[in-house]
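# Coordinate inspection notes
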Amino acid sequence: MSERIIDPATKGWAASWYEASARARIDGLLDTGSFREVIGPEQRRMSPHLPLFDLPRAFDDGMIVGSGRLDGQPVLVAAQEGRFMGGAFGEVHGAKLVGLLRAALALKPAAVLILFDTGGVRLQEANAGETAIAEVMRAITQLRAAGVPVIGLIGGRAGAYGGGGLIAATCSRLVVSEGGRISVSGPEVIETNKGAEEFDSRDRALVWRTMGGKHRRLTGGADAYADDTVAAFRQAALDLIGRAPAFDLATLEAEQARLEQRLTRFGDCRDATEIWARLGVNDPEAVPALTTADFDALLARLGETTHDAR
Amino acid sequence: MEKLSFRHTTQNALAGAKAQAITGVVASGNLEVLLERALPATECTVEIETPIRGYGEVWAAVVADFVARAQPGGLRITINDGGARPDTVSLRLLQGARLMEV
């Protein structure tokens with residue numbers, strides 16, 4: 001365990017989750033001064049692959065892991081720095097998360113919090129990254145089976161894409177903000193493979209209403225919608241720890257049924273606004289501009305977006 | 001990757017007792033600075049890894065200016081550069097020294 005390292009952004013910028021660095025998010029999320037980092041930057045556990053490509057490394061490889069307290073409860077936490085190589089999973093980056101999850105199996109904290117901010121696997125070390133994604137998903141299922149909730153927090157500039165989107169789908173519960181996006185293939189990837197007529201990656205409104213926080217929350221892909229503040233994410237994480245579902249056959253069957261029903265009901269929709277209309281939203285075009293309070297009121301009225309599955 | 005290394009002697013040790021601090025992120029036009037209180041009181045080293053080659057003289061001037069202003073005696077400073085401009089480097093170094101003082 002290293003001494004806590006602070007970031008000058010903590011105090012001034014902590015208001016916005018999106019703008020904050022990974023370290024600032026951790027400092028604002030956890031009880032003041034409670035974070036203890038493991039394999040801190042002073043240990044210089046950097047990528048062994050990036051020098052081959054003449055690319056700069058980061059002391060923490062863009063992944064910060066450690067322990068702390070959330071409203072007094074012991075938690076383990078991992079945060080991705082989305083500004084370093086798009087928060088991508090490299091060998092060291094992924095291994096730190098796998099190690100944290102395996103440690104949680106022994107330590108049994110009140111929860112593990114994963115602060116996603118990633119474009120997916122780091123292409124320069126893709127094999128190690130892909131392996132890490134699989135190991136993380138396996139570790140999360142083992143942890144959930146042991147009764148430890150794994151809460152994902154998504155509101156960074158890189159969103160949760162690629163393998164990060166897959167990992168997010170294995171979490172017990174997810175918090176997302178307006179700026180957060182959850183998907184596997186990113187907008188540019190879809191456009192490259194299917195053409196701009198299928199998906200125009202420069203159409204920001206399209207990207208957000210297809211992959212953004214409000215759409216994911218409306219269709220049950222995320223379990224809480226938070227304002228873009230560290231305080232809102234903290235409160236949402238606290239609420240979700242208490243509402244994490246059991247990881248048993250009943251939950252998995254409920255999740256399968258939920259996804260099948262969703263496909264049957266919305267599979268022929270060409271745009272998210274059509275889905276929202278079928279959900280019973282009176283004015284789908286107005287959804288992207290709704291304030292958090294109005295959006296929460298809409299969710300409460302629709303009711304069905306809250307489920308016991310996952 | 002170009003590796004640069006500078007060693008300076010200061011008039012005094014940097015104030016404060018914090019063992020280490022980190023500031024900045026390795027991103028385009030940015031850099032991360034790791035500071036460790038690991039040297040004798042009037043010594044300071046700055047090691048840099050940068051993908052932008054050929055700017056050794058600019059780095060030397062920015063580091064010398066920082067050492068003169070902050071008197072960071074006792075610090076081992078290590079930098080991973082993402083192609084930051086000299087003014088950003090200067091700002092991060094001063095931010096880092098401030099973090100070590102508080």
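A brief structural summary. (Residues numbered from 1 in each chain as written. Chains lettered and ligands numbered in written order. Predicted model: local features only at pLDDT ≥ 70, side-chain atom pairs only at ≥ 80, totals over all residues.)

### Some words on the overall build of chain B
Threshold: Runs of E in the DSSP output that reach at least two residues are strands. Runs of H or I that reach at least four are helices, and both are numbered from the N terminus. We compute the radius of gyration from the C-alpha atoms alone; for a globule the expected value is 2.2 Å times N to the 0.38, where N is the number of residues.
A count of helical and extended segments in chain B gives two helices and five strands. When its helices and strands are written in sequence order, chain B yields β-β-β-β-α-β-α. On C-alpha atoms alone, chain B measures out to a radius of gyration of 12 Å, which is about the 13 Å that the 2.2 N^0.38 rule sets for 102 residues. Seen along its three principal axes, the alpha-carbon backbone of chain B occupies a region of about 35 × 25 × 20 Å.

### Quick notes on unusual backbone geometry
Residues and elements named next belong to chain A. Rules: Each residue is classified by how many other C-beta atoms fall within 10 Å of its C-beta atom, where C-beta atoms are placed from the backbone; a count of 20 or more means buried, 12 or fewer means exposed, and values in between mean partly exposed.
One non-glycine residue with positive phi stands out, namely I39, at about 50°. Positionally, I39 belongs in the loop between strand 1 (36–38) and strand 2 (63–70). Among the residues examined, I39 registers 21 C-beta atoms within 10 Å and is labelled buried. A positive phi angle, close to 50°, is found at K108, a residue other than glycine. The residue K108 is located in the loop between helix 3 (91–107) and strand 4 (111–116) in this model.

### Comments concerning the pairing of strand 2 (residues 20–23) of chain B
For a regular strand, side-chain orientation follows a simple rule: the groups alternate between the two sheet faces. Residue and element names in this part refer to chain B. Under the convention used in this document: Strand pairing is assigned whenever DSSP identifies at least 2 bridges connecting the two strands.
Of the two faces of strand 2, both are covered, the one formed by Q20 and I22 as well as the one formed by A21 and T23. In this structure, strand 2 lies alongside strand 3 (residues 31–37), joined through four bridges in antiparallel fashion. Each residue of the ladder has a partner; that of T23, found in strand 3, is V33.

### Quick word on the sheet that holds strand 3 of chain B
Residues and elements named next belong to chain B. Threshold: Between N-to-C directions, angles span 0 to 180 degrees; the directions come from axes that are lines fitted to C-alpha atoms, helices contributing only their stretch in contact. We call two residues in contact when their backbone-placed C-beta atoms lie within 7 Å.
The strand order 1-4-5-3-2 describes an open sheet built from five strands, whose pairing is mixed. Here the strands that pair on one side only, and so sit at the sheet edges, are strand 1 (2–9) and strand 2. Ignoring which end each strand starts from, the neighbouring axes of this sheet average 10° apart. Here seven bridges tie strand 3 to strand 5 (residues 75–81), and the two strands are oriented antiparallel to one another. Each bridged residue has a counterpart across the sheet, and for L35 the counterpart in strand 5 is I77. The sheet strands contacting helix 1 (residues 56–70) are strand 1 and strand 4 (43–50), and the helix crosses strand 1 at an angle near 30°. Most of the contacts of helix 2 (residues 86–101) go to strand 3, to which it runs at about 35°, and overall it touches strand 2, strand 3 and strand 5.

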